[in-house]
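# Coordinates in review
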Amino acid sequence: MRSSSRTTQSDGPVRRRVAGGAATAVLGLTMALGGSGVAPAAAADSAGVSGVILGVGADETQRIVTWYSTADTPQQLQVAPTSALTDGRFPADAATFAATGGANIASSGGYNRHATITGLRENVAYSYRVGGEGDWSPTYSFKTRDFEGDYDFLFLGDPQIGSSGDAQKDGAGWADTLKVATEANPDAELLVSGGDHVESANDEKQWTSFLAPDQLRQVPMAATIGNHDVGGKAYEQHHFTPNTDKSEAYYDKDASTRSGGDYWFIHKDVLFIDINSNAQSDTKDAQHVGYITDVVKKHGSEAKWKVLVYHHSIYSPASHSYDQGNKDRRKDFTTAFSDLGIDMVLQGHDHSYSRSYAIKNGQKANPEEKPGQAEVYPGPGGVIYVTANSASGSKYYDLKKPDDSGTGVQGNGPDPLNPDNFWFNSVENQEHVRSYVRVKVRSDKLVLENLRSGTCATPNPSVDNGNVPCATPGQPVGSVVDKVTVHPYNGDGQSLQVDVPAAAPGEFGWTIDGYNGLVDLGTAKETDGNHFEAAGKINPLRVTDSRRSLAPWSISADVSEFKDADKKFSGSYLGWKPYVLNGGAGATAASAVASGYDDQGAGLSVSRGLASAGQGHPRGDARLGADLDLKIPDNVAKGSYRATLTITALSS
């Protein structure tokens, strides 16, 4: 009689891996964002839902979605990893978030809703929809990125839909800038607004044009309120922002129409603070500074960079350069921003592009900094102020000339190094073509570029309508207007940095140690005149566990019936005695199992343990073995019998 003990793979080395880790909880979310694989979406759609926009959350794990509905019914947001959708259908376990909101402004009717998605995981494509059972919107998509490390965001100035006198053309210019910018930067993680989304705060036709581009449902926008967005509730009904403080100082005007507030969020290595600069006075400016100070004090250490965003540019190069309010804020803000370690201030309002010198306490930080200098080292307290040009082409302001008011904090005198510019601006530009700003956030620098998103050609509404001529024909889309690399100040010492990658999760698995040859138990010997006996050893198994979880594991096995053609006997007659040949990975041998001939039991015909390790065991390797003990009754017919030993590994 001859028997064999084999795994389910019969020849050559056998290797098995067991995925570690418990079932993942969280939302089951994702999609296709970015430039490719993104489900098309429209601002107005079915299910009585319109104006869907994806906003930022408090951090990378959140998104806030805002929309309008025609009916005052309970609504919700459903989200799932795109990979979990089947034929476009959401899985039964899709995460659901209840929406809140209220009635819209009287002129638009309908109802506003918003919901916050939480628990997002990095590098996952998500799909989402809003509405309710049987009345869902189309499906939209976005993608999360790595929650650590470098990233780019896009800063967009004053689309101000309707300001050219033709909202349709303005919308076309805005849509084209978003298309050009996101196609050129498919991995950009945020759209940051400079304010003035529309010309008339409560004109929903203008809002519809602003919200029409699909990119606004695919890339989260950090909204900023401009002076044309106030006087109505539409701004905040279209943009719900995280961590928003609506104290009186930041939430201006009549209670029935005021919008906005100051808010903050963190995206990877940047702390963004966005303030409502429409609220201005000596006391309110001081309160804004108090708000910024408080946020920096509490959260400044959580990010490497601090970026302020608000609408009213204090270093305007064009029509607003002489505004008294901006001059006042140079006095009210600049020293505080220097003291707080603000790195960059992004602004709109002036429909022209400018990049300041590094400004410290309201003065040029380094008198030697050259106009248009490509590498800037602001030093302690140095702040770069950027004014964005029009992203839609709806309106451009022409550059102003300096006056004789000098280079004091509130002065508008000429730059000694470039008398055509104001003393505070390193670069000033107005070509009457659309542009956007790309900011590359890196561990050791911020790289800022102002890039053309259009040409003199249509859509360029202000030029199309004859409001202004195009100043620089021939510059291609995507060409660079300005580029600067801003290096941080590292104090008197030397900063050290090290990037620590995600820890390897490790692996648990087993393999037959060496060639998986036939285990030949030889010819059984008749014993005591009433049964046969045979013995042998299994081919040793090598178990490897390098997982960081140090989760429990176990190896077990069971044997099939022994067969020779139509003759057979039960595997219960096979017993074994496990042992650990070489210790490691916390391996402990299981108890011996007797042949069923001895104890009338099931022997190895049912699953039996070979070895195991508990939670917290050391990482490493172990070699496992077992002595086989076969005892069968003497009434079993003569033959050459074979069986299969099936090995199972389990781990949580």
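Summarised in this report is the structure supplied together with it. (Residues numbered from 1 in each chain as written. Predicted model: local features only at pLDDT ≥ 70, side-chain atom pairs only at ≥ 80, totals over all residues. Heavy atoms only, no water.)

### Digging into the overall build of the chain
Secondary structure assignment for the chain yields seven helices and 40 strands. Computed over C-alpha atoms, the radius of gyration of the chain comes to 35 Å, more than 25% over the 26 Å expected from 2.2 N^0.38 for 652 residues, which places it beyond the range of a compact globule. Along the first, second and third principal axes, the C-alpha set of the chain runs to 120 × 60 × 50 Å. Expressed as a percentage of the 652 residues in the chain, the buried residues total 54%. A sequence separation of at least 24 residues applies to 75% of the contacts in the chain between residues at least 6 apart. In the chain, 59 positive and 78 negative side-chain charges are present, and the distance between their average locations comes to 6 Å. (Helix = DSSP H or I, 4+ residues; strand = E, 2+ residues; numbered from the N terminus. Rg over C-alpha atoms; globule rule 2.2 N^0.38 Å. Buried < 20%, exposed > 50% of the residue type's maximum accessible area, 1.4 Å probe, protein only. Contact = heavy atoms within 4.5 Å. Lys, Arg positive; Asp, Glu negative; His and termini not counted. Charge placed at Lys NZ, Arg CZ, Asp CG, Glu CD.)

### Structural notes on helix α1 (residues 167-184)
Compared with an ideal rise of 1.5 Å per residue, which puts 18 residues at 26 Å, α1 spans 25 Å between its outermost C-alpha atoms and is within 8% of the ideal. Taken together, the buried positions of α1 are occupied by Asp-170, Gly-171, Gly-173, Trp-174, Thr-177, Leu-178, Val-180, Ala-181 and Thr-182. Of the surrounding elements, those touching the buried residues of α1 are β11 (151-156), β12 (190-193), α2 (204-211), β13 (221-222), β26 (435-442) and α6 (461-464). (Expected span 1.5 Å × (residues − 1).)

### A short note on α2
Counting buried positions over the eight residues of α2 gives six, a clear majority of the element. Within the span of α2, buried status applies to Glu-204, Gln-206, Trp-207, Ser-209, Phe-210 and Leu-211. At its buried positions, α2 is contacted by β2 (49-56), β3 (63-69), α1, β13 and α3 (234-238).

### Comments concerning the sheet that holds strand β22 (residues 384-387)
What holds strands together in a sheet is hydrogen bonding between their backbones, with the strands either parallel or antiparallel. Reading across the sheet, the seven strands line up as β14-β15-β16-β17-β22-β18-β25 and stay open at both edges, with mixed pairing between neighbours. Both outer strands of the open sheet, β14 (263-267) and β25 (425-429), are each paired with one neighbouring strand and no more. This sheet shows a mean twist of 15 degrees between the axes of neighbouring strands, independent of strand direction. Of the strand pairs in this sheet, strand β15 (residues 270-274) and strand β16 (residues 305-312) are connected by five bridges, and their pairing is parallel. Bridging from a neighbouring strand, Ile-273 pairs with Leu-308 of β16. Running at roughly 160 degrees to β15, helix α4 (residues 282-299) makes contact with β14, β15 and β16 of the sheet. Against the sheet, helix α5 (residues 324-339) touches β16, β17 (344-348) and β22, its axis set at about 170 degrees to β16. (Pairing = 2+ DSSP bridges. Axes fitted to C-alpha atoms, helices over the stretch in contact; angles between N-to-C directions.)

### Here's the deal with the pattern of salt bridges
Applying the stated rule across the entire model yields 27 salt bridges. A salt bridge links Asp-72 to Arg-113; its shortest N-O distance comes to 2.7 Å. Of this pair, Asp-72 sits in the loop between β3 and β4 (76-81) while Arg-113 sits in strand β7 (residues 111-117), placing them 41 residues apart in sequence. In this structure Asp-72 comes out as exposed when scored by relative accessible area, which is 52%. The residue Asp-176 makes a salt bridge to Arg-434 at a minimum N-O spacing of 2.9 Å. With a gap of 258 residues between them, Asp-176 in helix α1 and Arg-434 in the loop between β25 and β26 connect regions that are remote in the sequence. Within the structure, one salt-bridge network assembled from shared partners comprises Asp-150, Asp-152 and Arg-442. (Salt bridge = Lys/Arg side-chain N within 4 Å of Asp/Glu carboxyl O.)

### Comments concerning the nonpolar core
Of all hydrophobic cores here, the largest spans 38 residues; its most connected members are Trp-553, Ile-555, Trp-576 and Leu-624. Those elements that provide at least two residues to this core are β29 (508-512), β31 (531-537), β32 (541-545), β33 (553-559), β36 (574-582), β38 (608-613), β39 (620-633) and β40 (645-651). For this core, the element with the most residues is β39, which contributes six residues. Excluding residues within four positions of it along the chain, Trp-553 makes contact with Phe-508, Val-543, Asp-545, Arg-547, Ala-585, Ala-587, Ala-611, Ser-612, Ala-613, His-617, Leu-650 and Ser-651. (Core = buried A, V, L, I, M, F, W, Y, C linked by side-chain atoms within 4.5 Å.)

### As for the packing of α4 against α5
Closest axis-to-axis distance for the α4/α5 pair is 10 Å, and the angle between their directions is 15 degrees. Considering their axes alone, α4 and α5 lie roughly parallel with respect to each other. As α4 runs across α5, the sense of the crossing is right-handed. Of α5, the residues touching α4 (which contributes Asp-282, Asp-285, His-288, Val-289 and Ile-292) are Arg-329, Asp-332, Phe-333, Ala-336 and Phe-337. Residue composition of the contact of α4 with α5, by class: five nonpolar, one polar and four charged. (Parallel < 35°, antiparallel > 145°, perpendicular 65-115°, else oblique. Left-handed = near helix turned anticlockwise from the far one by under 90°. Nonpolar A, V, L, I, M, F, W, Y, C, P; charged D, E, K, R; others polar.)

Remember that the coordinates give geometry; whether it matters functionally is a separate question.
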